[in-house]
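So you can see what is in the structure, the chains are spelled out below.
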Amino acid sequence: MVAITETKTLQLFIGGDWGDAKNGETFEVLNPLDDSLYCHAAKGSGDDMRRAVAAAKAAFPAFKETSPTQRERWLLRVAELMEERQKELVDCLIDEIGSPVQKAMFEFNKALTMVRAAAGLCRNVRGETIPSDAPGKFSMSIRKPLGVVAVITPFNVPLIKTARLVGNALAVGNTVVHLPSEMAPHLTVLFAEIVAEAGFPAGTYNVVTGLGHEIGDDLTAHKEINFVTFTGSTIVGQHINEICARNKTPATLELGGKSPTVIMADADLDKAMPLVARSIFMFGGQACIGSSRFYVERPIFDEFVKRFAMIAGKLGMGDLRDPNTVIAPIISDRQRQRVKDHIADAVAKGATVVTGGEWEGNRCQPTLLTGVSGEMTICKDETFGPVTSIYPIDSYEEGLEKANDTEYGLSSAIFTKDINRAFHFAKNIEAGMCHINGPTIHDEAHVPFGGNGESGVGREGTDADMDAMTELKWVTVQL
Ligand code: NAD
């Protein structure tokens, strides 16, 4: 394990300077594999948050005037430095949040594409010309950055979210105050070191580590915050949405999910099964876009369950640095209890555990349930563990109806050879994302990523973030 020594404590990064929390307080970050101490981090206070917002605000007037070429250079340098420090970043993803190395490498590579795509965005902050009814009037829109952006990220994909959201915010000329998950502060501190070394001016990117429930409101409710981008649980997202609505602060919310996959009888199971397994078991099910509901046409239901169970039973639960390991420890006691409660509730109410259900240390075995019904918590609520339910369906229509029977609306998938059904599903599934013959877990830097309903508001990705993190100004010239 690459733990930081107990004497080293992560510091806040405010106005280009590293420092302790003003009141000197710290908190512990535990390695989720065995709950050993991973590091200490500064426990930022409301005062620290206000210092960070002030630094970001002070940096904004000069930063917004930097050229696209300059910002592009800085961001490309961030990507180079990430490559130079790959081992540190990957080790951190393994030891701070318990990523198996295959997930850590996937995340690292995806994050690199996010930063490079952000670099490309610098030249794309475009308005448009607009026809005018007024004779001799030239009419256009120009885009300007909003000011200080609050970035709040979750524990599960901290590097992807940081690279994308911080990268895109800086690319379009905003400055940033970042509150990372209290379970993944080191990853963000490493990213801040890289941003500083790449040459971004002091105050353009600020990081305040601390407990979100204590200092989150000091960030989101601050009157100098011009935009909030939040990724995390639906309950915290709802709270932030209320604050932002009150203050008229625009926000993007990327929240939880209960993403469905429909498997039609004509699906190519040989090709589908590895993707199906990836849909839920990657990082031990701790993925917002993980598929926690499978609706399978009855003629292939038994075969599907048999094959799924066979794959699930073979998934690696060994050393996190072994490339064959898939199943990750569940991040915290609170989250472990949630996974246990969901399984126990389902079993008590009559569900069958096809495979899994037991724990090895802080890891839950890959678990498949059948016989799940509406009164079971697991049917509707996000579990955020390596657990999924498989339901039989008698028709495509039933599959679509059941897939839509949720308050969430993040990702979705259908496996079929029927192109008409596939497109009907894509058009009618109430979700922000739909993958035909592919897993619910998929993301790219430039796509509109996001969900509806309890899964959030708005989209992220280069174009979507450009829209969300800038504002249009209408300008006319009388010729
Ligand atoms: P969480 O809601 O517990 O924490 C997310 C972040 O919110 C952390 O940085 C935390 O410090 C901060 N926070 C807590 N209280 C706050 C407050 N009052 N004000 C401001 N910030 C506050 O979520 P988590 O456990 O870290 O992540 C798991 C959740 O995130 C799951 O529900 C998952 O589905 C969701 N998620 C969604 C996406 C997506 O793109 N839709 C991606 C990843 C994770």
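What you see is a predicted model; the values in this text were computed from it and never measured.

## Overview of the overall build of the protein chain
Here is step 1: When helices and strands are counted, the protein chain shows 15 helices and 25 strands.
Here is step 2: Against the compact-globule benchmark of 23 Å for 479 residues, the protein chain has a radius of gyration of 23 Å, which places it among compact chains.
Here is step 3: Counting only C-alpha atoms, the protein chain reaches 70 × 70 × 40 Å along its principal axes.
Here is step 4: Counting all 479 residues of the protein chain, 57% fall into the buried class.
Here is step 5: Residue pairs at least 24 apart in sequence account for 74% of intrachain contacts in the protein chain once pairs closer than 6 positions are excluded.
Here is step 6: When the accessible surface of the protein chain is summed, it comes to about 19,100 Å², and 52% of that surface belongs to carbon and sulfur atoms.

## What about the packing of aromatic side chains?
Here is step 1: What the rule picks out here adds up to 11 aromatic pairs.
Here is step 2: Measuring from centroid to centroid gives 5.9 Å for phenylalanine 294 and phenylalanine 304, while their planes differ by 40 degrees, and the two rings are tilted. With phenylalanine 294 in strand 14 (residues 291-297) and phenylalanine 304 in helix 10 (residues 298-314), this pair connects stretches of sequence that are 10 residues apart.
Here is step 3: Using a relative accessible area of 0% as the deciding quantity, one classes phenylalanine 294 as buried.
Here is step 4: Members of the aromatic cluster, each reached through a chain of ring pairs, are Phe281, Phe294, Phe304 and Phe308.
Here is step 5: A cation over a ring is seen here: lysine 103 above phenylalanine 283, with NZ or CZ 4.0 Å from the ring centre.
Here is step 6: Here the basic side chain of arginine 278 rests over the ring of phenylalanine 106, its NZ or CZ set 5.3 Å away from the ring centre.

## Let's talk about the site of the ligand
Here is step 1: By nearness alone, 29 residues border the ligand, and Thr153, Glu182, Ser233, Leu255 and Glu382 come closest of all.
Here is step 2: Between an oxygen atom of the ligand and a main-chain N or O atom of serine 181, the distance comes to 3.2 Å.
Here is step 3: Between the ligand and histidine 213 there is a distance of 3.5 Å, counted from a nitrogen atom to a backbone nitrogen or oxygen.
Here is step 4: If the ligand stood free it would expose 860 Å²; the protein chains cover 93% of that surface.

## Focus: the sheet that holds strand 6 (residues 128-130)
Here is step 1: Reading across from one edge, 6-7-25 is the order of the 3 strands in this open sheet, with antiparallel pairing throughout. Of all the strands in the sheet, just strand 6 and strand 25 (470-478) have a single pairing partner and so form its edges. Averaged over all pairs of adjacent strands, the angle between strand axes in this sheet comes to 30 degrees, irrespective of strand direction.
Here is step 2: One ladder, built from 3 bridges, connects strand 6 with strand 7 (residues 137-145); its direction is antiparallel. Paired with glutamate 128 across the bridge in strand 7 is serine 141.

## Describing the UniProt feature "domain: Aldehyde dehydrogenase" (unreviewed entry) in the protein chain
Here is step 1: According to UniProt, the positions carrying the feature "domain: Aldehyde dehydrogenase" (unreviewed entry) are residues 20-475.
Here is step 2: Secondary structure over residues 20-475 splits into 43% helix and 21% strand, and the C-alpha atoms at its two ends are 46 Å apart.

## A closer look at the domain arrangement of the protein chain
When the parts of a complex come together, some accessible area is lost, and that lost area is often used as the size of the interface.
Here is step 1: Each assigned domain of the protein chain is listed here: domain 1 (9-255 + 453-478) and domain 2 (259-436).
Here is step 2: Computed over C-alpha atoms only, the centres of domain 1 and domain 2 are separated by 31 Å.
Here is step 3: The interface of domain 1 with domain 2 comprises 24 residues on the first partner and 28 residues on the second.
Here is step 4: Counting the surface lost from both domain 1 and domain 2, the interface buries some 2,200 Å², and carbon and sulfur atoms represent 61% of this.
Here is step 5: Inspection of the domain 1/domain 2 interface yields 3 salt bridges.
Here is step 6: The partner of arginine 321 in a salt bridge is aspartate 91, with the nearest N and O atoms 3.0 Å apart.
Here is step 7: At the boundary of domain 1 with domain 2, the tally comes to 13 residue pairs in polar contact (both at pLDDT 80 or more).

## Concerning the nonpolar core
Here is step 1: Val78, Met82 and Phe191 are the most contacted members of the largest nonpolar core, which totals 68 residues.
Here is step 2: With 10 residues, helix 4 (residues 101-121) is the single largest residue contributor to this core.
Here is step 3: Each of domain 1 (9-255 + 453-478) and domain 2 (259-436) accounts for three or more of the residues forming this core.
Here is step 4: Residues within four places of valine 78 in sequence aside, it is in contact with Val115, Phe191, Ile194, Val195, Ala198 and Phe200.
Here is step 5: Counting 26 residues, the second-largest nonpolar core is a separate cluster that includes Met273, Ala309, Met317 and Val326.

## With respect to unusual backbone geometry
Here is step 1: Backbone geometry at phenylalanine 384 places phi at a positive 60 degrees, although glycine is not the residue there.
Here is step 2: Considering the arrangement of structural elements, one finds phenylalanine 384 in the loop between helix 12 (377-380) and strand 19 (387-393).
Here is step 3: With a relative accessible area of 15%, phenylalanine 384 lands in the buried category.
Here is step 4: A positive phi angle is found at asparagine 437, which is not glycine, with a value near 55 degrees.
Here is step 5: Mapped onto the fold, asparagine 437 is located in the loop between strand 22 (435-436) and strand 23 (452-453).

Basis of the calculations
- Residues numbered from 1 in each chain as written.
- Predicted model: local features only at pLDDT ≥ 70, side-chain atom pairs only at ≥ 80, totals over all residues.
- Heavy atoms only, no water.
- Helix = DSSP H or I, 4+ residues; strand = E, 2+ residues; numbered from the N terminus.
- Rg over C-alpha atoms; globule rule 2.2 N^0.38 Å.
- Buried < 20%, exposed > 50% of the residue type's maximum accessible area, 1.4 Å probe, protein only.
- Contact = heavy atoms within 4.5 Å.
- Areas by Shrake-Rupley, 256 points an atom, 1.4 Å probe, with all protein chains shown as cover.
- Phe/Tyr/Trp six-rings, centres within 6.5 Å; stacked < 30°, edge-to-face > 60°.
- Lys NZ or Arg CZ within 6 Å of the ring centre and 35° of its normal.
- Near = heavy atom within 4 Å.
- Polar contact = N/O pair within 3.5 Å; in protein donor to acceptor, adjacent residues only side chain to side chain.
- Pairing = 2+ DSSP bridges.
- Axes fitted to C-alpha atoms, helices over the stretch in contact; angles between N-to-C directions.
- UniProt positions renumbered as here; feature names shortened; annotations may be inferred.
- Domains from an automatic or database assignment.
- Buried area = accessible area lost by both parts, 1.4 Å probe.
- Salt bridge = Lys/Arg side-chain N within 4 Å of Asp/Glu carboxyl O.
- Core = buried A, V, L, I, M, F, W, Y, C linked by side-chain atoms within 4.5 Å.

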